[in-house]
Amino acid sequence: DSGDSVTVVETVPGDLTSFDPLNYFPPVELRKRYYLWRRADYEDFRYQTSLYRRARRVAQRFRPDVVHALHTYPCGALLGVDAPVIVTAHRLEMVPIPPVVTSVSRAACVHANSHFTAGLVRERLSYTGCVKVLSWGVRGTGRLAEHPQFDLVTVGRVVRRKNIDTV
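Read on for an overview of the structure. (Residues numbered from 1 in each chain as written. Predicted model: local features only at pLDDT ≥ 70, side-chain atom pairs only at ≥ 80, totals over all residues. Heavy atoms only, no water.)

Quick word on the environment of Leu-22
Here comes step 1: When you line up the elements, Leu-22 lands in the loop between helix 1 (13-16) and helix 2 (45-62).
Here comes step 2: C-alpha of Leu-22 to C-alpha of Thr-49: the two residues are 27 residues apart in sequence and 8.3 Å apart in space.
Here comes step 3: For Leu-22, the residues in contact, after removing those within four places along its chain, are Thr-49 and Arg-53. (Helix = DSSP H or I, 4+ residues; strand = E, 2+ residues; numbered from the N terminus. Contact = heavy atoms within 4.5 Å.)

Dropping the structure here:
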């Protein structure tokens, strides 16, 4: 709505770990950082190499002023662009594995979704740079209506720890 242009680079793991021969030749920025065929696609150097090449092509055409990664895993994409990077950190991603460490170390600023997650970024990843806590949600006025009636929409995964069934 503000008139700014946005381009989305989707990170669909199944598409990116194909047997494309180019994915077996990582660029210099990715060498010595990742493993071959690990537990998850984001730990596979073919995935990161494919992301690197895709993001680089988009960035050369689009010329972004800033890149925002909504997770810490797509470090290949972040290494493929020459713009400041903001990385959103989620609690369950705060594990000191190469993709996460690389993404966070590449960030001009880390957006943590809670103070707890911000602490994990600093503690588990030894990150000393900019960390901003911007929690999501609706802020109330602090007053309760006499007869409250409202509809609620929740967007997220239905997993036990999110407690959606009792909200």
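Back to the text.
What about the pattern of salt bridges?
Here comes step 1: Enumeration over the complete set of coordinates arrives at one salt bridge.
Here comes step 2: Between Arg-56 and Asp-82 there is a salt bridge, with the nearest N and O atoms lying 4.0 Å from each other. Taken together, the residues span a long stretch of sequence, with Arg-56 in helix 2 and Asp-82 in the loop between helix 3 (75-79) and strand 2 (85-89) at a distance of 26 residues.
Here comes step 3: A residue is classified by how much of its surface remains accessible, and Asp-82, at 71% relative accessible area, is exposed. (Salt bridge = Lys/Arg side-chain N within 4 Å of Asp/Glu carboxyl O. Buried < 20%, exposed > 50% of the residue type's maximum accessible area, 1.4 Å probe, protein only.)

Notes on the pairing of strand 3 (residues 109-112)
Here comes step 1: A two-sided burial pattern is seen for strand 3, the buried positions comprising Cys-109 and His-111 on one face and Val-110 and Ala-112 on the other.
Here comes step 2: Handedness of the β-α-β unit built from strand 2, helix 4 (residues 98-106) and strand 3 comes out right-handed.
Here comes step 3: Of the pairings in the sheet, the one linking strand 3 to strand 4 (residues 131-133) comprises three bridges and is parallel in character. The residue of strand 4 that forms the bridge with Ala-112 is Val-133.
Here comes step 4: At this point the chain moves from strand 3, through helix 5 (residues 115-125), to the parallel strand 4, and the crossover so formed is right-handed. (Right-handed = clockwise from strand over helix to strand, strands pointing away. Pairing = 2+ DSSP bridges.)

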